[in-house]
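Each chain, letter by letter, is given below.
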Amino acid sequence: MKSASFYYYHRISALQGLKRINFNMAPECHALLKSVCALKGVSVSEYVYKVIREDFQLLVKSDNQVQQLLVNGEYPKGSKAYNLKEQIKKDLQL
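What counts, and at which threshold
- Residues numbered from 1 in each chain as written.
- Predicted model: local features only at pLDDT ≥ 70, side-chain atom pairs only at ≥ 80, totals over all residues.
- Heavy atoms only, no water.
- Helix = DSSP H or I, 4+ residues; strand = E, 2+ residues; numbered from the N terminus.
- Buried < 20%, exposed > 50% of the residue type's maximum accessible area, 1.4 Å probe, protein only.
- Contact = heavy atoms within 4.5 Å.
- Areas by Shrake-Rupley, 256 points an atom, 1.4 Å probe, with all protein chains shown as cover.
- Expected span 1.5 Å × (residues − 1).
- Arc of directions from axis to C-beta.

### A short note on the overall build of the protein
Then comes step 1: On a plain count of helices and strands, the protein comes out with 5 helices and 0 strands.
Then comes step 2: The secondary structure elements of the protein, listed N-terminal to C-terminal, are α-α-α-α-α.
Then comes step 3: Residue burial in the protein is summarised as follows: out of 94 residues, 13% are buried.
Then comes step 4: Of the contacts formed within the protein by residues at least 6 apart in sequence, a portion of 30% connects residues at least 24 apart.
Then comes step 5: Surface summary for the protein: the accessible area is close to 8200 Å², and the carbon and sulfur share equals 57%.

Laid out in structure tokens, this is it:
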């Protein structure tokens, strides 16, 4: 069994190099979001990233303009954006 410090280190390591975003939310919604995340054992950042990522993947598959932005972009090999681009190109047979 891995220690809590192992998981903490890998969670922090996974966040290094990411860009920070901020958005506004009503206080009562923020409190509810924090409580739900605490119940589920994830940080607000992890949860919001997951939700945005899932929505973005659906958008890429359904919106031609977004597909073109992704396909025409340059991304580091092996990055999540690169992998998504390659998957979309495969799906669209480009």
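Moving on from the coordinates now.
### Quick word on helix H5 (residues 80-91)
Then comes step 1: With 12 residues, H5 should reach 16 Å at 1.5 Å per residue; the first-to-last C-alpha distance of 16 Å fits that figure.
Then comes step 2: Of all the positions in H5, only Leu84, Lys85 and Ile88 are classed as buried. Down the axis of H5, the buried set is contained in an arc of 100°. They therefore lie on one face.
Then comes step 3: Against helix H3 (44-62) and helix H4 (64-72) lie the buried residues of H5.
Then comes step 4: Glutamine 93 occupies a position one or two residues after H5 and carries a positive phi of about 55°.

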